[in-house]
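So the chains spell out like this:
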Amino acid sequence: MEVIGRVKVINPEQQVSAAFKKRELVVTTEEQYPQHILVEFTQDKCDLLNNYGVGESVKVSINLRGREWVNPQGETRYFNSIQGWRIEKAGAEAPNAPAAPAAPVFAPATNLNEEEADDLPF
């Protein structure tokens, strides 16, 4: 899945534990009702955000993650997160992508006869 929009916030890296780090990014979508989407980058993916700044248009590849947790009272709760795994400038073409060939241009027909039979089905 992908989220496309403008970078609103890039938080500093957080060392959650000795073996786990994360960095959060907020992307604001550009649609009639803009959404502010929080995306987490973890471990070695944190460094992907170093080359981006607030206001830039980006396309973020994401995975939706869900988990179940049972509290000490025995109640089950569910949590969702959005995990980023790739980020690129929006509208940037893929490197080494072949260009699409130009469509041929045809001159308009000049010999039309409205009374001539037409074999097109529409």
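Figured I'd write up the structure that's included with this text. Just so we're clear, the structure is a prediction, and the values are computed from it rather than from any experiment.

Cut-offs used in this document
Residues numbered from 1 in each chain as written. Predicted model: local features only at pLDDT ≥ 70, side-chain atom pairs only at ≥ 80, totals over all residues. Heavy atoms only, no water. Helix = DSSP H or I, 4+ residues; strand = E, 2+ residues; numbered from the N terminus. Buried < 20%, exposed > 50% of the residue type's maximum accessible area, 1.4 Å probe, protein only. Areas by Shrake-Rupley, 256 points an atom, 1.4 Å probe, with all protein chains shown as cover. Core = buried A, V, L, I, M, F, W, Y, C linked by side-chain atoms within 4.5 Å. Contact = heavy atoms within 4.5 Å. Pairing = 2+ DSSP bridges. Polar contact = N/O pair within 3.5 Å; in protein donor to acceptor, adjacent residues only side chain to side chain. Salt bridge = Lys/Arg side-chain N within 4 Å of Asp/Glu carboxyl O.

### Section: the overall build of the chain
1) Next: From N to C terminus, the chain includes zero helices and six strands.
2) Next: In the chain, the succession of α and β elements from N to C terminus is β-β-β-β-β-β.
3) Next: Here the chain, with 122 residues, has 21% of them falling under the buried criterion.
4) Next: Split by element, the accessible area of the chain, about 9,700 Å² in all, is 53% carbon and sulfur.

### Some words on the nonpolar core
1) Next: If you look at the biggest cluster of nonpolar residues, it comprises twelve residues: V3, V7, L25, V27, V39, F41, L49, Y52, V58, V60, I62 and I87.
2) Next: With three residues, strand β5 (residues 57-70) is the single largest residue contributor to this core.
3) Next: Leaving out residues up to four positions away in the same chain, F41 has contacts with K21, K22, R23, L25, C46, L48, L49, V60, G84, W85, R86 and I87.

### A short note on the pairing of β5
1) Next: Here strand β1 (residues 2-10) runs beside β5; their pairing, made up of five bridges, is antiparallel. Across the sheet, V3 pairs through a bridge with V60, a residue of β5.
2) Next: The hairpin formed by β5 and strand β6 (residues 76-89) contains five residues between the paired strands, and G74 there has a positive phi angle of roughly 90°.

### Comments concerning the environment of Y52
1) Next: Mapping Y52 onto the fold places it in the loop between β4 (36-42) and β5.
2) Next: Residue classification places Y52 among the buried residues on the basis of a relative accessible area of 17%.
3) Next: The spacing of Y52 and V7 is 45 residues in sequence and 8.2 Å in space, taken between C-alpha atoms.
4) Next: Sequence-distant contacts of Y52, defined by excluding residues within four places in its chain, comprise I10, V58, I87, E88 and K89.
5) Next: Within the structure, Y52 has its side chain in polar contact with the backbone oxygen of I87 (distance 3.1 Å).

### Considerations on the pattern of salt bridges
1) Next: Applying the stated criterion across every chain yields a total of eight salt bridges.
2) Next: Bridged by salt links that share partners, the residues E2, K59, R86 and E88 form one connected network.

Geometry only, nothing functional implied.
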